[in-house]
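Here is how the chains run, residue by residue.
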Amino acid sequence: MIPIAEPLLAWYTRHGRHDLPWRQTRDPYRLWLAEIMLQQTRVESVKPYYTRFLQALPDWRALAAAPQDQVLALWSGLGYYTRARNAQRAAQVVMAGFAGHFPDTLEKAVTLPGVGRSTAAAVLASAFGHRQAILDANARRVLIRSHAIAADPKATATQQWLWTLASALTPEDAHGYNQAIQDLGAMICTPRQPRCTDCPLASRCKAHAEGRSHALPVTVHRPPKPQRRAFFLLAADPEGRILLEKRPDSGIWGGLWCLPQAAPDSGELSNLCNDTLPPLEDTPAIRQFLQEAWSRRLRLDLRLTALGEEQQHVFTHFQLRFRCAHARVLGSAVADSAATLRWYRPADALAQGLPTPIRRILRNLGGGR
Ligand code: SF4
């Protein structure tokens, strides 16, 4: 085990990102929110969302009681929406089960929805001064390189070893150390271009000594992501409003407002679409099918006018390829009055909780319709 705490803390004092908004507080709610937002998301992307979210929902009570639509709208564009739904459920658990206070032990904290060991540890260390080790992506990379660990970083045994290492290396000042190792991973020991000459750990780093900084962590070949396909309906009524449909609470984009969707990989539509996953085709038969299927399901008199170019969106576990079907709604017909269907002016639609690709489509409105 290589002692890294001392040089790390000295470097952090001089070069750390002390001005980040979540570094100005010891409030568990604010620290926890930052940790949740920062999961798989860059600091610069999180900053404006963090500020807006706290202005609207400044504490556990406000978040627990907020309409889910408001929470999702505040999160809209940040991605990984399960985090938003879990965040609200966690706030409800904090209010109902912990009297409005973040749990003060690791065992209890990890029972909150969406709170893993590293998130819980980061909050406990910063809010309460507990000696708790973190192992987020930045900390993991620094440990792997400084100790030249060449095993698959996602393997269970490697994870266990890294947690043991992280716990042993974390000093009493876990609050400062955790922030220091996060900053070193984000600023110096970066994934693709580690700046070893500027690194306070260079003299003790095994990967650097062995000339393997760029080769670690090892990349384990994983099978390509499965692909899914979809058509989305961009229907405009005579007043220029757009029809949105609320997704079920569970599953992909759960609880978000979306354009009505048709999936070419199941049901009748699959008979019209080539199943070897070439680009989604634009044929008269497909257009007619979509027009009839959506007219029936949404109880609208629709006329498809165009199919947009194929677009892609990459999720953690699969890749979505989709085309947008532009349509006019004839007459004054309205959709089913079910709470899951609503007409929005484009500007109002953008204020809802929307999946990123749907937001992109609505922002680009103007052509093709
Ligand atoms: S010396 Fe290089 S590889 Fe080692 S911790 Fe520092 S930046 Fe990372």
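Residues numbered from 1 in each chain as written. Predicted model: local features only at pLDDT ≥ 70, side-chain atom pairs only at ≥ 80, totals over all residues. Heavy atoms only, no water.

Within an unreviewed UniProt entry, the label attached to the chain reads Adenine DNA glycosylase, and the organism entered is Acidithiobacillus ferridurans. In its Catalytic activity (unreviewed entry) section, the UniProt record describing the chain reads: "Hydrolyzes free adenine bases from 7,8-dihydro-8-oxoguanine:adenine mismatched double-stranded DNA, leaving an apurinic site." (UniProt positions renumbered as here; feature names shortened; annotations may be inferred.)

## Structural notes on the site of the ligand
Residues in close proximity to the ligand include R145, I188, C189, C196, C199, A202, C205, H208 and S213, which together make up its full environment. Across the shell around the ligand, the residue classes break down as six nonpolar, two polar and one charged. (Near = heavy atom within 4 Å. Nonpolar A, V, L, I, M, F, W, Y, C, P; charged D, E, K, R; others polar.)

## Considering helix α6 (residues 82-97)
A rise of 1.5 Å per residue sets the reference length of α6, with its 16 residues, at 22 Å; its end C-alpha atoms lie 21 Å apart and thus fit the reference within 8%. Within α6, the full set of buried residues consists of R83, A84, R85, N86, A87, Q88, A90, A91 and V94. Turning to α6, the residues buried within the fold contact α2 (28-38), α4 (60-65) and α5 (68-75). Of the residues trailing α6, A99 is marked for its positive phi of about 55 degrees. (Helix = DSSP H or I, 4+ residues; strand = E, 2+ residues; numbered from the N terminus. Expected span 1.5 Å × (residues − 1). Buried < 20%, exposed > 50% of the residue type's maximum accessible area, 1.4 Å probe, protein only. Contact = heavy atoms within 4.5 Å.)

## Description of the packing of aromatic side chains
Scanning the model with the defined rule gives 11 aromatic pairs in all. When the centroid spacing of 5.8 Å and the interplanar angle of 75 degrees are considered together, the rings of W257 and Y344 count as edge-to-face. On the criterion of sequence distance, the pair formed by W257 in strand β3 (residues 257-258) and Y344 in strand β8 (residues 341-344) is long-range, its members being 87 residues apart. By relative accessible area, which is 1% here, W257 ends up buried. Every member of this aromatic cluster is reached through a ring pair, and the members are F232, W253, F315, F318 and F322. Residue placement shows R52 over the ring face of Y49; its charged tip is 4.9 Å from the ring centre. Just above the ring of W163 sits the side chain of R117; from NZ or CZ to the centre is 3.7 Å. (Phe/Tyr/Trp six-rings, centres within 6.5 Å; stacked < 30°, edge-to-face > 60°. Lys NZ or Arg CZ within 6 Å of the ring centre and 35° of its normal.)

## Focus: unusual backbone geometry
Backbone geometry follows two general trends: most residues other than glycine have a negative phi, and most peptide bonds adopt the trans configuration. That bond from L216 to P217 is cis: its omega, -5 degrees, falls within 30 degrees of zero. Non-glycine residue W253 carries a positive phi angle of around 60 degrees. Summarising the element assignment, W253 is placed in the loop between β2 (242-246) and β3. Residue classification places W253 among the buried residues on the basis of a relative accessible area of 7%.

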